[in-house]
Amino acid sequence: MTSVPDKSVFSWQNIGISILGGIAAAAIFAVVARGGFGGLLFAHLAPLPLMIVALGFGVRHGFSAAIVATVILSIWLHPVIGMAYALLVAGPGWFAAYVASGAPRGRRDLVTAHVSSWASLAPATVLATAILLWIIVATISFGSIDEALNPIRARAFILLDAMVREKELSDKINPTELSGSVARAVPAFLAAYGLLIHIANLWIAARLAQASSLLTRPWPDIATDFHLPRAVGGVFLSGLVMTLFSGPSGAMGLVLAMTMGLLLALQGLAVVHIMVRGSRSSALVLSIIYFMLGLLGWPIVPLAALGAADLFFNYRDRKTAAAPAQPQKPAEKSD
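From a predicted model like this one, the values you see are computed outputs, not experimental measurements.

Helices and strands together make up the secondary structure of the protein, namely 15 helices and two strands. For the protein, contacts bridging at least 24 residues in sequence account for 72% of all contacts bridging at least 6.

This brings us to the nonpolar core. Of all hydrophobic cores here, the largest spans 25 residues; its most connected members are Leu195, Leu228, Met260, Leu263, Leu264 and Leu303. Elements supplying a minimum of two residues to this core: helix H6 (115-142), helix H9 (175-211), helix H11 (231-242), helix H12 (248-276), helix H13 (282-295) and helix H14 (300-313). Here this core takes 10 residues from H12, the largest share from any one element. Residue contacts for leucine 195: discarding those within four places in its chain leaves Ser120, Pro123, Ala124, Leu127, Thr259, Leu262 and Leu263.

Applying the stated criterion across every chain, the model contains six aromatic pairs. Residues phenylalanine 313 and tyrosine 315 carry aromatic rings whose centres are separated by 6.0 Å and whose planes lie at 25° to one another, so their mutual orientation is stacked. Above the ring of tryptophan 219, the side-chain terminus of arginine 207 is found at 3.8 Å from the ring centroid.

This next bit is on helix H8 (residues 150-165). Taking 1.5 Å per residue as the helical rise, H8 with its 16 residues ought to reach 22 Å, and the 22 Å between its terminal C-alpha atoms agrees with that figure. All buried positions along H8 are accounted for by Ala156, Leu160 and Val164. Looking straight down H8, one finds that the buried residues subtend no more than 70° of arc, so they occupy a single side. Away from its buried face by more than 90 degrees, H8 exposes Pro151, Arg155, Ile158, Leu159 and Arg165. Lining the buried residues of H8 we find H9. Positive backbone phi, at 65°, marks lysine 167, one or two positions downstream of H8.

Taking 1.5 Å of rise per residue, the 37 residues of H9 would be expected to cover 54 Å, and the 50 Å separating its terminal C-alpha atoms lies within 8% of that figure. In H9, a bend of some 40° at valine 186 exceeds every other bend along the element, and proline 187, a proline, comes one to four places later. Sitting at the head of H9, asparagine 174 places a side-chain oxygen 3.0 Å from the backbone nitrogen of threonine 176. Phi turns positive one or two residues past the end of H9, at serine 213, with a value near 60°.

Turning to the confidence of the model for the protein, a few remarks are in order. Looking at the protein as a whole, its pLDDT mean stands at 85, while 89% of the residues score no less than 70. Ranking the elements of the protein by mean pLDDT puts helix H2 (residues 36-43) last, at 66, and H11 first, at 96. This stretch, residues 1-5, has a pLDDT under 50; its non-local contacts, to residues over four places away or in other chains, come to 15 contacts.

A few words on the environment of alanine 148. In this fold, alanine 148 is placed in helix H7 (residues 145-148). Looking at alanine 148, the relative accessible area reads 13%, which means it is buried. When the C-alpha atoms of alanine 148 and arginine 184 are compared, they prove to be 9.9 Å apart, with 36 residues separating the residues in sequence. Excluding residues within four positions of it along the chain, alanine 148 makes contact with Ala138 and Phe142.

Rules behind the numbers
Residues numbered from 1 in each chain as written. Predicted model: local features only at pLDDT ≥ 70, side-chain atom pairs only at ≥ 80, totals over all residues. Heavy atoms only, no water. Helix = DSSP H or I, 4+ residues; strand = E, 2+ residues; numbered from the N terminus. Contact = heavy atoms within 4.5 Å. Core = buried A, V, L, I, M, F, W, Y, C linked by side-chain atoms within 4.5 Å. Buried < 20%, exposed > 50% of the residue type's maximum accessible area, 1.4 Å probe, protein only. Phe/Tyr/Trp six-rings, centres within 6.5 Å; stacked < 30°, edge-to-face > 60°. Lys NZ or Arg CZ within 6 Å of the ring centre and 35° of its normal. Expected span 1.5 Å × (residues − 1). Arc of directions from axis to C-beta. Bend = angle between axes of the 7 residues up to and from the residue. Polar contact = N/O pair within 3.5 Å; in protein donor to acceptor, adjacent residues only side chain to side chain. pLDDT = per-residue confidence, 0-100.

In structure tokens:
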């Protein structure tokens, strides 16, 4: 992949685009903050305007759009909402687009290989760090992480208790214990689901920029390009060990395990794509896997295990090396 310098050009047109992008991003998040089903749907598109500006017009303009959106939300709604937007949407969204652009610095790119995996790791790092800091601050402020999560636990208890009384759940389930487990899992769920939203929006933004002839980087073969650093496996295992402890350590470990586990599952998917590539049943196999992921969710566990194993055994490289060379046609004899 060739090095492409950042194309941020400070013309009045591009500055206007960055401002409009920031306004659009703020408007989307404002709808989210109002709540309701419509806000829930719009939440999935919150990082998209910033990413489009960053990928299509330059990372500096994307950063400007993120600042504009954060300032608007801080003044219009509340400084706390502005801070939440900066930490959970603008920060990871812009960082993902920055790395996807090659992490340009000066006249060269810092990331020139495995861009797709580094671009996915970027928002994971920001989101996990933000939520880990929240866990630490909340534990110090409230005295314990359980006290900080009490409002979530109360809502979960009301819902679970009603489901048990209406026979929607087994009467063997203890709503008190289960609501506590649900509350403790919420920070990790927000980190992992937020990461999934950012990765999906990054793909959409890049495709839109490519369709508009604004994407300056060549589109990678993600199945072969997605190679996470081995340190991700170490962080994942450390997170799993931390979940064995109670208190903030367990909550922090769950955040690390779920965010890194999602990235490993994506690498596992990349392995599957390469393994079935070229076979007649590849479309059917991949359709079944994606359907089961969307419907059941649990296939993400074996995919994460496959991705973790690929960190050390490089299954895709072995498959490529073992692939038979294409037979050459014999030269035609001339009369």
